[in-house]
Amino acid sequence: MTATRDPATAVLTVPRPPDFTEFWAQTLDSLPEPDAALAYLPTLSTDTVAVFDLRYTSYQDVEIAAWYAVPRGEGRVFPGLVTIPGYISEPDVPRHWAELGYATLSVAPRGKLRSNAAFNPGYPGLLTHNIVDHHTYGYRGFYADVIRALDVLAARPEVDEQRIGVQGSSQGGGLGIVSAALRPDLVRCFAAGAPYLCGIWASTRLTHSYPYEEITEYLRVHPEHAEAIQRSVAYYDGMNFAPLVRAPSYVYLGLEDDVCPPETGFAVFRELGGDKVLDTYAGCAHHAGLHWVQPKIEAFLAGHLTPEAVR
């Protein structure tokens, strides 16, 4: 950090569109029946964890893939956990979380390798896909895919729908905030690291790293679209979802993050509703202190969701 930069006190505001709530209500109301289907994967399973390929139908009838890992045990009921990948990463097979006692759905929203048959803007590419119009912006379906993952998990007979959490970092952290805002009846807690998609427009000035640099590059070619983009991304900005959150949250930031500027992390944390805890890590970049923070994430989720470890 430079001497003139103080992320903890930086002022960052995002105007909330007047039809923000109606826009997202209409989006979720338009979702088709998920028609979820499971296929057991013996080669990925273990003696204690069963792993499945899970498919369901999401926004505009796009098929979405996920890994689903659940502790073995006939007739048992488990807390549920949705894990969300980062911008360029693919979802892990979540055996670790299942071993800790969670029925875990690791979602691959549209554009990820196993969900890109109908929508594949690429990386880079997703952040600016149809960005000038919030109705057709690529992230509209992407956000809906994650919300639908929560619905699919909650409908599983082995899942206690009163004990569902969300976990992720970067894009996964930002979408944890979105999930808690749009499904307050399901999300009991969430852990969000280095949340991306928060302070989107401001981030194009605070960093020259990707993915936000995608917007800067787009504007070099289409400078006349700047106002339209600023209006459009406000519908997707975590800053506008955060006040709707009521679930307890655990947020962690790296103070040297050049991907998701820490100014945006502090700003969205201030806006979050519900009980909240913030940890910051000096000298840490976008990994946000993961070496030290992983046990804290596990303890936070366990404190709210009370799993029974299977190992």
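This structure is a prediction, so every number in the text was calculated from the model and none was measured. (Residues numbered from 1 in each chain as written. Predicted model: local features only at pLDDT ≥ 70, side-chain atom pairs only at ≥ 80, totals over all residues. Heavy atoms only, no water.)

Trainee: So what's going on with the overall build of the chain? Residues and values would help.
Mentor: Check the secondary structure of the chain and you find ten helices and nine strands. For the chain, whose C-alpha radius of gyration is 19 Å, the value lies close to the compact-globule estimate of 19 Å for 311 residues. Across its three principal directions, the C-alpha atoms of the chain cover 60 × 40 × 35 Å. Buried positions account for 59% of the 311 residues belonging to the chain. Partitioning the intrachain contacts of the chain with sequence separation of at least 6 by distance along the chain shows that 73% fall at a separation of at least 24. (Helix = DSSP H or I, 4+ residues; strand = E, 2+ residues; numbered from the N terminus. Rg over C-alpha atoms; globule rule 2.2 N^0.38 Å. Buried < 20%, exposed > 50% of the residue type's maximum accessible area, 1.4 Å probe, protein only. Contact = heavy atoms within 4.5 Å.)

Trainee: Describe the pairing of strand E9 (residues 276-281), naming the residues involved and giving the relevant values.
Mentor: Here six bridges tie strand E8 (residues 249-254) to E9, and the two strands are oriented parallel to one another. Across the sheet, glycine 254 pairs through a bridge with tyrosine 281, a residue of E9. Between the parallel pair E8 and E9, the chain is carried across by helix H9 (residues 262-271), and the sense of this crossover is right-handed. (Pairing = 2+ DSSP bridges. Right-handed = clockwise from strand over helix to strand, strands pointing away.)

Trainee: Could you give me a rundown of the packing of helix H3 (residues 138-154) against helix H4 (residues 171-182), with the residues and numbers involved?
Mentor: Each pair of packed helices can be described by the angle between their axes along with the distance between the axes. It is the contact of H3 with H4, at a shortest axis distance of 10 Å, that shows an interaxial angle of 65 degrees. Considering the angle they form, H3 stands roughly perpendicular to H4. Crossing angle aside, the handedness with which H3 passes H4 is right-handed. Mapping the contact onto sequence places Tyr139, Phe142, Tyr143, Val146, Ile147 and Leu150 in H3 and Gln171, Leu175, Val178, Ser179 and Leu182 in H4. Across the contact of H3 with H4, the residue classes tally to nine nonpolar, two polar and no charged. (Axes fitted to C-alpha atoms, helices over the stretch in contact; angles between N-to-C directions. Parallel < 35°, antiparallel > 145°, perpendicular 65-115°, else oblique. Left-handed = near helix turned anticlockwise from the far one by under 90°. Nonpolar A, V, L, I, M, F, W, Y, C, P; charged D, E, K, R; others polar.)

Trainee: Summarise the packing of helix H1 (residues 20-29) against H3; cite the residues concerned and give the values.
Mentor: At their nearest, the axes of H1 and H3 sit 10 Å apart, and the two run at 65 degrees to each other. The hand of the H1/H3 crossing is right-handed. Across the interface between the two elements, Phe23, Trp24, Thr27 and Leu28 of H1 pack against Arg140, Tyr143, Ala144 and Ile147 of H3. A breakdown of the residues in the contact of H1 with H3 according to their chemical character gives six nonpolar, one polar and one charged.

Trainee: Mind laying out H4, listing which residues take part and the relevant values?
Mentor: Taking 1.5 Å per residue as the helical rise, H4 with its twelve residues ought to reach 16 Å, and the 16 Å between its terminal C-alpha atoms agrees with that figure. All of the buried residues in H4 are Gln171, Gly172, Gly173, Gly174, Leu175, Gly176, Ile177, Val178, Ser179, Ala180, Ala181 and Leu182. (Expected span 1.5 Å × (residues − 1).)

Trainee: Describe the pairing of E8, naming the residues involved and giving the relevant values.
Mentor: Burial runs high along E8: six of the six residues are buried. Of the two faces of E8, the one lined by Ser249, Val251 and Leu253 and the one lined by Tyr250, Tyr252 and Gly254 are each fully buried. Relative to E8, strand E7 (residues 187-193) is paired through four bridges, and the arrangement is parallel. Opposite glycine 193, over in E8, you have tyrosine 252 as the bridge partner.

Trainee: Give me the sheet that holds strand E1 (residues 37-40): which residues, what numbers.
Mentor: The nine strands are arranged E1-E2-E3-E5-E4-E6-E7-E8-E9 in an open sheet whose pairing can be described as mixed. The strands lining the two open edges of the sheet, one partner per strand, are E1 and E9. Averaged over neighbouring strand pairs, the angle between their axes works out to 20 degrees when direction is ignored. Judged from the five bridges that link them, strand E3 (residues 63-71) and strand E5 (residues 103-108) form a sheet pairing that is antiparallel. Pairing of alanine 66 across the sheet is with valine 107, part of E5. The strands touched by H3 are strand E2 (49-57), E3, strand E4 (78-84), E5, strand E6 (159-169) and E7; relative to E5, the strand with the most contacts, the crossing angle is about 155 degrees. In the packing of H9 onto the sheet, contacts are made with E8 and E9, and the angle to E9 comes to roughly 165 degrees.

Trainee: Go over the environment of histidine 129, please, and point to the residues and values.
Mentor: Mapped onto the elements of the fold, histidine 129 is located in the loop between E5 and H3. When neighbours within four sequence positions are excluded, histidine 129 is seen to be in contact with Phe119, Pro121, Thr136, Tyr137 and Gly138.

Trainee: Residue-level account of unusual backbone geometry, with values.
Mentor: Of note, the amide linkage connecting tyrosine 123 to proline 124 takes the cis form, showing an omega dihedral of 5 degrees. With respect to the secondary-structure elements, proline 124 resides in the loop between E5 and H3. A positive phi angle is found at alanine 288, which is not glycine, with a value near 55 degrees. Here alanine 288 lies in the loop between E9 and helix H10 (290-305). With a phi angle near 45 degrees, threonine 306 is a residue other than glycine that sits in the positive phi range. One can find threonine 306 in the segment after H10.

Trainee: Tell me about the pattern of salt bridges, residues and numbers included.
Mentor: If you walk through the whole model with that rule in mind, you get ten salt bridges. Among the salt bridges present, the one from arginine 114 reaches aspartate 53, with a minimum N-O distance of 2.2 Å. Pair noted here: arginine 114 is in the loop between E5 and H3 and aspartate 53 is in strand E2, with a separation of 61 residues, a long-range link. Given a relative accessible area of 14%, aspartate 53 falls into the buried group. Here arginine 110 ties to aspartate 145 by a salt bridge, and the two come within 2.8 Å at their closest N and O atoms. Of this pair, arginine 110 sits in the loop between E5 and H3 while aspartate 145 is found in helix H3, placing the two residues 35 residues apart along the sequence. Residue class for arginine 110 comes out buried when judged on its relative accessible area of 3%. Residue aspartate 145 is classed as buried on the basis of its relative accessible area of 0%. (Salt bridge = Lys/Arg side-chain N within 4 Å of Asp/Glu carboxyl O.)

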